[in-house]
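Observations on the model geometry
Residue strings, one per chain:
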Amino acid sequence: MNSFKHSLLIVLLWLTSSTVSAARFDHAIWDDLLRQHVYMVNQGKASVVDYFNFSAHRGQLSSYLSQLSQVKESEFSDWDKSEQLAFLINAYNAFTIDMILRTQSTLPQDRYYKPRNLREKLQLISMIKNQQKINFIPLLGKILSLSELEVDFIRRPGNYDEPRIHFALNRASIDYPALRNRAYSGIDLEQQLESATRAFLSDRSRNRLDEVTGKLEVSEIFDWYERDFERGSQGWPNLSQFFTQYRDSLADTVHTKELLATDNFYIRFLEFNWILNEKLRTR
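Attention shifts here to the sheet that holds strand 5 (residues 208–210). An order of 5-6-7 is seen for the 3 strands of this open sheet, with the pairing classed as mixed. Sheet topology places strand 5 and strand 7 (266–270) at the edges, where each strand pairs with a single neighbour. On average, each strand axis in the sheet is tilted by 30 degrees relative to the strand beside it, whichever way the strands run. Where strand 5 and strand 6 (residues 215–219) come together, 3 bridges link them in antiparallel fashion. Residue Arg 208 lies in a different strand from strand 6, and its bridge partner there is Glu 217.

Here is the structure:
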């Protein structure tokens, strides 16, 4: 009897181990592609993508996208929240790359150069938003657009309630937070999101405190997604409290840290640069 119980225990442990292993999606292909074709710049605070050489590995990308698409909703539902969110972030980023590669030859030149006037800027923004509304993503039994994947899954209130995803999603413009050169994983997600958040906030070209005026000048993304930072899910009742919590990343001096600690500062949103986050090729 003891021998039988011992054997049964071994089987149960093996089944448990197999279940845990199965609950982790393998993002190895995507991780390899990112390491090859994404370049961190500005001391890791930003990144550029080598789309030209990325296109030479479309087979690998297609294989990874196919693996993502094969995941059933019932299987996805059995994963823990961090594994789900890592899966969705990687899917969003990979399908964004796929969209750029599909359309790169037909992209207007304005996608590569900063608009010269308001009319050109509005045209560029409209073109980007239209691309995000195209349904081309077979995922979890649906055909989604990038916009639907973001709004209905990643940012839907009650799903994950994680504002730091805004520092992880690849939206393909140079002024958005960096596309990291490694895949996100459920087991490391907390550390990865925290690192991405602090890296973006540490970029003085996009986030800085003017000590003379006392104004905190930050990326325009905080204006667009302010409500996500005000839901209180991470303990921030408003955007100012978020900046106060991350003052070590926003401030370079003791004085600026003290200013941010007071939660008594004016926020100014900086104009956004929409051009493609492409690594320029050298001749």
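Before going further, it helps to examine the packing of aromatic side chains. Given two aromatic rings, one states the distance between the centres and the angle between the planes to describe the pair. For the structure shown, the criterion picks out 30 aromatic pairs. For the ring pair Tyr 176 and Trp 274, a centre distance of 6.2 Å and an interplane angle of 85 degrees mean the geometry is edge-to-face. Here Trp 274 lies in the segment after strand 7 and Tyr 176 lies in the loop between helix 8 (146–154) and helix 9 (189–201), a separation of 98 residues in the sequence. The pair Tyr 176 / Trp 274 is uniform in exposure class, with both members buried.

Before going further, it helps to examine the side chain of Ser 173. As for its placement among the helices and strands, Ser 173 is situated in the loop between helix 8 and helix 9. For Ser 173, the side chain forms a polar contact with the main-chain oxygen of Trp 274, separated by 2.9 Å.

Parameters and conventions
- Every chain's residues receive numbers from 1 upward, in the order its sequence appears when written.
- Where local features are concerned, this predicted model is filtered to residues with pLDDT of at least 70; where side-chain atom pairs are given and counted, the filter is 80 or more; whole-chain, interface and lining totals use all residues.
- Heavy atoms throughout the structure, all of them, feed into the side-chain values; hydrogens and water do not.
- The pairing criterion is simple: DSSP has to find at least two bridges between the two strands.
- In this text, helices come from DSSP runs of H or I with a minimum length of four residues, and strands from runs of E with a minimum of two, each type numbered from the N-terminal end.
- Fitted lines through C-alpha atoms give the axes, limited to the stretch in contact for helices. The angle between two N-to-C directions lies from 0 to 180 degrees.
- Between 30 and 60 degrees the pair is tilted, below 30 it is stacked and above 60 it is edge-to-face, where a pair is any two Phe, Tyr or Trp rings, Trp via its six-membered ring, whose centres lie within 6.5 Å.
- Buried, partly exposed and exposed residues are distinguished by accessible area as a fraction of the type maximum, computed with a 1.4 Å probe on protein chains only: under 20%, between the cut-offs, and over 50%, respectively.
- Throughout this description, a polar contact denotes any pair of N or O atoms lying within 3.5 Å of each other; where both atoms belong to protein, one of them has to be capable of donating a hydrogen while the other can accept it, and for residues adjacent in sequence the pair is counted only when both atoms sit in side chains.

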